[in-house]
Every structure is written in structure tokens, then in C-alpha cells.
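Notes for the structure review
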Amino acid sequence: MASARGALIVLEGVDHSGKTTQCMKLVEALKKHGKKAELIRFPDRTTAIGSVINDYLGNKCELHDFAIHLLFSANRWEAVPRMEKLLSEGTSLIVDRYAYSGVAFTAAKGLDMKRCQHSDIGLPRPDLVIYLTLPPEEAAKRSEYGGERYEQTDFQEKVAENFKVLQEKDWKIVNANQTIEELHTHILELAMEAVTKSSCQPILPLWK
Ligand code: Z5A
């Protein structure tokens, strides 16, 4: 009998909604529940492609909007062999941003959304997408925007509108305006369900 695979669980959401905080807590909690789990963050700034992305986000270089879009996408594709191996070995992957961020951010610059989706077609499809919402005034209280590209309120509003267009009916929309622990309890419950449900299912391709 084939052994159970891990679940691919993606956290997306508006800026400062707590994605990274929740991803890290979720990995630890799943491990405490006896599940194998690993954190993956996109962009992964540790690779050669990720290093160019890091320079771009830090305003150290300029790139054509579609060129940087393709680099974000390539940064996901270069992770796919490792992701597939871990999933097949039974490790659940908790992913901090994915292709949805890729499309929502580039399309907020005015590029066609379908064209933006194209380079991510066929990536492993998440078993669960948790989308964290937070009113802009609450997000502003959490931390100042730093100096990175895209950290401007009007741009972030366009990104949030694009996420609404990309939203699929099985996404779990979670109000992030709760304490870190309240939010974690809710997210852990959703994740445990996904781990059980996806264990015997094939990994499907995204947007196909
Ligand atoms: N980008 C792109 O253009 N294309 C792509 O394909 C991808 C990304 C994948 C960098 O991403 C940029 O790349 C990002 C999108 C773009 N641009 N922007 N803006 P990143 O993942 O490195 O994003 P980030 O900007 O570093 O993360 P974030 O969205 O700002 O934060 P977060 O992960 O959602 O939140 P956090 O770091 O967990 O928490 C933020 C603060 O709030 C922190 O001080 C926490 O202690 C606090 N916090 C967290 N939870 C709570 C609760 N519940 N209550 C109160 N305070 C809280």
C-alpha cells in the first residue's frame, strides 16, 4: 500500500496579516501532533534567483515588470522537485505566499491577470489555501511599512482586489484581526483536516 503523502497548505493574505507568524507556529504545532511538516517561504531569497528578487525588492536594481514576474515564478518552479519529494515522503508543506501573490502583485501594476497566471500553470495545486484578511487600519497598527518596493497603501489595496478575483470557492477566508493564539487555533484545525483529507489523494496541477 502506498504511504500517505503530506499536504500542501498555503497561507496568503494582505500585508502584515500574520502569514509568517502563523506559518511558523503551524509547522511547530503539526510536529507536536506527530506530523512531519516543513516551512517554505516565497520568495525564497536563498537561491541565485531569490537573490535577484531580493535586490529588486530592496530597490537595488530595476527589471521589466514581466521579467521580475517570471523570476518570482521561476523561484517557485526551482523548488518543485524538493516540494514533490517531501510531499511524497509524507511531509506536509506550510507555504508562506505562493503563485496567488505572484499574480496579485504583478497584475496590480496593470498587467493582464491571465497572462500573469500562465507561468505558474502546472505547479503543485495546494490542498488548502488559507487567506488572511485584515482591515488596512489594523494592518498599519502592526508594523510600519519598511523601505521595500510595493510597501505603499494604494498599491496594497489593488493587490487585495486582485486576490478577490483569484479566490476559489474552497479557500478558507480567515479574519486575521484576532490574537496570534486565537488565529493559530483556528488555522491548526483547518490544517489538521487538510492533512487527513489529502493523505490518499493525488497532487493536482494548479490552474489546469
Ligand atoms: N511578492 C511578489 O510580488 N510576487 C510573488 O510571487 C511573491 C511575493 C511570492 C515580499 O514578500 C514581497 O514579495 C511582498 C510580496 C511580493 N511584497 N510586499 N509588500 P514577503 O513574504 O517577504 O512579504 P512580507 O512583506 O515580508 O510579509 P508581510 O506580508 O508584510 O507580513 P506577514 O507575513 O503577513 O506578517 P508577519 O510578518 O507574520 O507579522 C507582521 C507583524 O505583525 C509582526 O510584527 C508580527 O509580530 C505582528 N503580528 C502578527 N500577527 C499578529 C496578530 N494576530 N496580532 C497582532 N500583531 C500580529
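Look up: the structure comes first, before these words.
As the structure is a computational prediction, the values presented were derived from the model and not from experiment.

**Overview of unusual backbone geometry**
Between F42 and P43 the backbone carries a cis peptide bond, its omega angle lying at 0°. Although it is not a glycine, N59 adopts a positive phi angle of roughly 60°. Assignment of secondary structure puts N59 in the loop between α2 (48-57) and α3 (65-77). Using a relative accessible area of 41% as the deciding quantity, one classes N59 as partly exposed. Of note in the backbone geometry, W207 takes a positive phi value of approximately 55° without being a glycine. With respect to the helices and strands, W207 occurs in the segment after α9 (180-198).

**Details of the nonpolar core**
Among the nonpolar cores identified, the biggest contains 64 residues, and I9, Y98 and I130 are the most heavily contacted of them. Of the residues forming this core, the biggest block, seven residues, is contributed by α9.

**Comments concerning the packing of α3 against helix α5 (residues 99-107)**
For the pair α3 and α5, the least separation of the axes is 10 Å and the interaxial angle reads 175°. Judged by the angle between their axes, α3 and α5 are roughly antiparallel. In this structure, α3 uses D65, H69 and R76 to contact α5, whose residues at the interface are A99, G102, V103 and T106. Grouping the amino acids of the contact of α3 with α5 by side-chain chemistry returns two nonpolar, three polar and two charged.

**Notes on the pairing of strand β3 (residues 92-96)**
Taking burial as the measure, the five residues of β3 include five buried ones, the bulk of the element. Judged by which residues are buried, β3 turns out to be covered on both faces: S92, I94 and D96 on one side and L93 and V95 on the other are all buried. In the sheet, strand β1 (residues 8-13) pairs with β3 via four bridges, with the strands oriented parallel. For I9, the partnering residue across the bridge sits in β3 and is I94. Across five bridges, the pairing between strand β2 (residues 37-41) and β3 is parallel. Paired with I40 across the two strands is V95, which belongs to β3.

**Considerations on α9**
If you check α9, its first and last C-alpha atoms are 26 Å apart, about what 19 residues at 1.5 Å a residue would give, namely 27 Å. Along α9, the residues classified as buried are L183, H184, I187, L188, L190, A191, A194, V195 and S198.

Conventions adopted
- Residues numbered from 1 in each chain as written.
- Predicted model: local features only at pLDDT ≥ 70, side-chain atom pairs only at ≥ 80, totals over all residues.
- Heavy atoms only, no water.
- Helix = DSSP H or I, 4+ residues; strand = E, 2+ residues; numbered from the N terminus.
- Buried < 20%, exposed > 50% of the residue type's maximum accessible area, 1.4 Å probe, protein only.
- Core = buried A, V, L, I, M, F, W, Y, C linked by side-chain atoms within 4.5 Å.
- Axes fitted to C-alpha atoms, helices over the stretch in contact; angles between N-to-C directions.
- Parallel < 35°, antiparallel > 145°, perpendicular 65-115°, else oblique.
- Contact = heavy atoms within 4.5 Å.
- Nonpolar A, V, L, I, M, F, W, Y, C, P; charged D, E, K, R; others polar.
- Pairing = 2+ DSSP bridges.
- Expected span 1.5 Å × (residues − 1).

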